Structures are given as C-alpha cells and as structure tokens.
Amino acid sequence: GKKYEIILKKFIIGVPKKDIPKWVLNITSKEYVGNLNKFIKKKYRKCTFFYGIDYHMDYIDVPKNKGNFITLYVYLNDVSKNSSPLNVVLKSHKYGATTFPHFIKKINKKKILYGKDLKNFKLFNVKELTGKTGDINFWSCYTLHGTKPMGSDTPRVSLRYLIKSKSNSKSNLMKNLKKSIKFTTELKNTRTDVETIKKNNKDIVKVIKGNRILHSN
C-alpha cells in the first residue's frame, strides 16, 4: 500500500551440493556466509545463490538504516527438513542491532546462546520453518535466522522482500518494537568478517575467512 515501500527484493536459491564444484565448496566452507554469487556470471546475479547461511539479521544488508523495515519471505516450492529450511531465533530482536558474525553458541538444534558479549547473553529457542509452496513468513530486521546447507537434490527457491514503513505516525508495529529494545538499534558497520581493499581505484570487498556456527554439529 501507499504507507509502505519495498527497499529490496530478491529471488533466493538454495543450491544442492551436487551442483557445486568441489573447489567452490572448499572456499565457501571457510567463510561465514555461503553466498555463491561471486562464482556466478554477472548477468545471472539478480538472484542470490547460496549453500547454507549462518545466523544473521537482515539489518546486515542496510547499514546505517534506522531499523524501520521487516522481511517478508515466500517459499516458492515445498520445503522439507532436507531443503535448507530457515531457522529463526525467536525473540532474538531483543538485543537490537549486533555486528555479524554474531556472538552465538549453539546448544542443540532447538536452542542457542546469543547476546552482545560474554557478559550479556541469553538462551533462545530456534524454530525450523519447513513449509509448502506459497507459505509466507515475516520477521523484524533484528531477528536472527539462517539455514543449513542443502540436503535435497532439488533447489529451494524463495522470494525475499524488505519492506519499510513510510508512515509518520509516532506509533506503528516497527516503532513500538524498537521502543521495547534496550540496546543499540542502529549501526554504521554491520560486518566484521569483511574488509574493503583498493584495487585499480575500485573498492573491493574481501571476505575474511572464519569458522561457521550454524553448520557445526
């Protein structure tokens, strides 16, 4: 409607392991984000191809934002436990905007420890979002979520929209949620796993390798 604005929309494609060259897997296994787009020809990069994504919040994509948007996520095919379903950390928005990779310790498939640092963290429940074609989920820009690598031989295809409120009202759902957060809700830099280097007078984003969290058993 007129009170809302779509600030980002993408096709998200979970790629089966059998379709990924071994040399690519060797590289992405040492990174926090299993994004495959840097290996894809530019003309096909309108979609985001991935093989598992560690816990993150969608605020990561819009640094310096006031945190006034939500995510709408649509499954375009049936998603089973083997189809890289989303894992959402319930109520994780309570810590506001935190930098990626986040302070997380996995307890089991249904629980993680998450917080600001070693002195300020809590135990949170994780919900696995399996579903049918057309199923829709919403979460805030501060909600942690991620996926395990694809176990199915069929790609998992989804739509992701980031939707911003244009309302000047002092009270709406997103503003009320921000008021309930006792921690920082805005960040200039959202990631510590990358660094920007100059090459041929261009800014090139270089990934700093690290150990994955969500994918460890």
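A word on the overall build of the protein chain
In terms of regular secondary structure, the protein chain is built from two helices and 13 strands. Looking at the protein chain as a whole, 43% of its 217 residues are labelled buried. If you take every contact in the protein chain between residues at least 6 apart in sequence, the share linking residues at least 24 apart comes to 76%. By element, 54% of the accessible surface of the protein chain is carried by carbon and sulfur atoms, the whole surface being about 13,100 Å².

Section: the packing of aromatic side chains
In the structure shown here, the tally under the stated rule is nine aromatic pairs. A centroid spacing of 6.1 Å and a plane angle of 70 degrees characterise the contact between Tyr 95 and Phe 124, whose relative ring orientation is edge-to-face. With Tyr 95 in the loop between strand E5 (86-89) and strand E6 (103-108) and Phe 124 in strand E8 (residues 120-129), this pair connects stretches of sequence that are 29 residues apart. You'll find Tyr 95 and Phe 124 in the same group, each marked buried. Their ring planes at 50 degrees and their centres at 6.0 Å tell us that Phe 103 and Phe 121 sit as a pair that is tilted. Of this pair, Phe 103 sits in strand E6 while Phe 121 sits in strand E8; the two residues are 18 residues apart in sequence, bridging distant segments of the chain. Note on Phe 121: relative accessible area 36%, which makes it partly exposed. Each member of the aromatic cluster is reached from another via a ring pair, and the members are Tyr 95, Tyr 114, Phe 124 and Phe 183.

What to know about a positive patch on the surface
Residues Lys 91, Lys 94, Lys 122 and Lys 182 make up a contiguous surface patch of positive charge. Position of Lys 94 relative to the elements: it lies in the loop between E5 and E6. For Lys 94, a relative accessible area of 41% corresponds to the partly exposed category.

Let's talk about the environment of Val 126
Locating Val 126 in the fold gives a position in strand E8. Considered as a pair, Val 126 and His 145 are 19 residues apart in the sequence and their alpha carbons are 8.7 Å apart. Not counting residues within four places of it along the chain, the set of residues in contact with Val 126 comprises Tyr 55, Asn 87, Val 88, Val 89, Lys 109, Lys 110, Lys 111 and Ile 112.

Some words on the side chain of Thr 28
By the secondary structure assignment, Thr 28 is in helix H1 (residues 22-28). Given the relative accessible area of 2%, Thr 28 is considered buried. Engagement of the side chain of Thr 28 in a polar contact is seen with the backbone oxygen of Leu 25, the distance being 3.4 Å.

Cut-off values and rules
Residues numbered from 1 in each chain as written. Predicted model: local features only at pLDDT ≥ 70, side-chain atom pairs only at ≥ 80, totals over all residues. Heavy atoms only, no water. Helix = DSSP H or I, 4+ residues; strand = E, 2+ residues; numbered from the N terminus. Buried < 20%, exposed > 50% of the residue type's maximum accessible area, 1.4 Å probe, protein only. Contact = heavy atoms within 4.5 Å. Areas by Shrake-Rupley, 256 points an atom, 1.4 Å probe, with all protein chains shown as cover. Phe/Tyr/Trp six-rings, centres within 6.5 Å; stacked < 30°, edge-to-face > 60°. Patch = residues over 30% accessible without salt bridge, like charges linked within 9 Å, V, L, I, M, F, W, Y side chains within 5 Å. Salt bridge = Lys/Arg side-chain N within 4 Å of Asp/Glu carboxyl O. Lys, Arg positive; Asp, Glu negative; His and termini not counted. Charge placed at Lys NZ, Arg CZ, Asp CG, Glu CD. Polar contact = N/O pair within 3.5 Å; in protein donor to acceptor, adjacent residues only side chain to side chain.

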